[in-house]
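Results of the structural survey
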Amino acid sequence: MYAISGILIPERTGKMKDLLFVGDSHRILCEFPEPVQRHVGFALYEAQIGNKHPDAKPLKNCAGGVLEVVSDHRGDTFRTVYTVRLEHAVYVLHAFQKKSKHGIATPKSEIDIVKQRLLRAIEIDKEREA
């Protein structure tokens, strides 16, 4: 890290990873409110350069390296799930608005989508090796 005007800036070592969206995750993310898009966008940028955004938390019931960013906006909750565990890119697996007002757990149907898309991301990453 080095300082410019009192701001610590991490030195980037290596290449910035590509950002790839699986399924309809990009379309849905684009429908989120602008402040949520900025919040998620910065978290994804941090992942691309090898950092972890403070709001990125491991997604329960999923393999390691799958993270979730939860963004609250005007009483609504928006979630974006991505993986950093693959070699060639950061893959955005799912984006959705949490509808349930009961509990904070991610619904099983959403976890199932994440798991299915993680498998697809693994396939895509292997194809990118070739």
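Regarding the pattern of salt bridges
What the rule picks out here adds up to nine salt bridges. Of the charged contacts, one joins Arg27 and Glu31 as a salt bridge, the two residues approaching to 2.9 Å between their closest N and O atoms. One end of the pair is Arg27 and the other is Glu31, both in helix α1 (residues 25-31) and four residues apart, which spans about a single turn. With a relative accessible area of 46%, Arg27 lands in the partly exposed category. With a shortest N-O distance of 3.0 Å, Glu123 and Arg120 are connected by a salt bridge. Of this pair, Glu123 and Arg120 both sit in helix α3 (residues 108-129), three residues apart, which is roughly one turn of that helix.

Observations concerning α3
Taking 1.5 Å per residue, 22 residues should reach 32 Å; α3 reaches 32 Å between its end C-alpha atoms and fits that length. Next to the buried residues of α3 lie β3 (18-21), α1, β5 (66-73), β6 (76-83) and β7 (89-98).

Thoughts on the pairing of β5
Within a regular strand, the side chains alternate between the two sheet faces. Burial runs high along β5: six of the eight residues are buried. In this sheet, β5 lies alongside strand β4 (residues 56-58) in antiparallel orientation, the contact comprising three bridges. The partner of Lys57 across the bridge, within β5, is Glu68. Where β5 meets β6, eight bridges bridge the pair, whose relative direction is antiparallel. Residue pairing across strands places Val70 opposite Arg79, the latter belonging to β6. Connecting the antiparallel pair β5 and β6 is a turn made up of two residues, with Arg74 showing a positive phi of about 50°.

Calculation notes
- Residues numbered from 1 in each chain as written.
- Predicted model: local features only at pLDDT ≥ 70, side-chain atom pairs only at ≥ 80, totals over all residues.
- Heavy atoms only, no water.
- Salt bridge = Lys/Arg side-chain N within 4 Å of Asp/Glu carboxyl O.
- Helix = DSSP H or I, 4+ residues; strand = E, 2+ residues; numbered from the N terminus.
- Buried < 20%, exposed > 50% of the residue type's maximum accessible area, 1.4 Å probe, protein only.
- Expected span 1.5 Å × (residues − 1).
- Contact = heavy atoms within 4.5 Å.
- Pairing = 2+ DSSP bridges.

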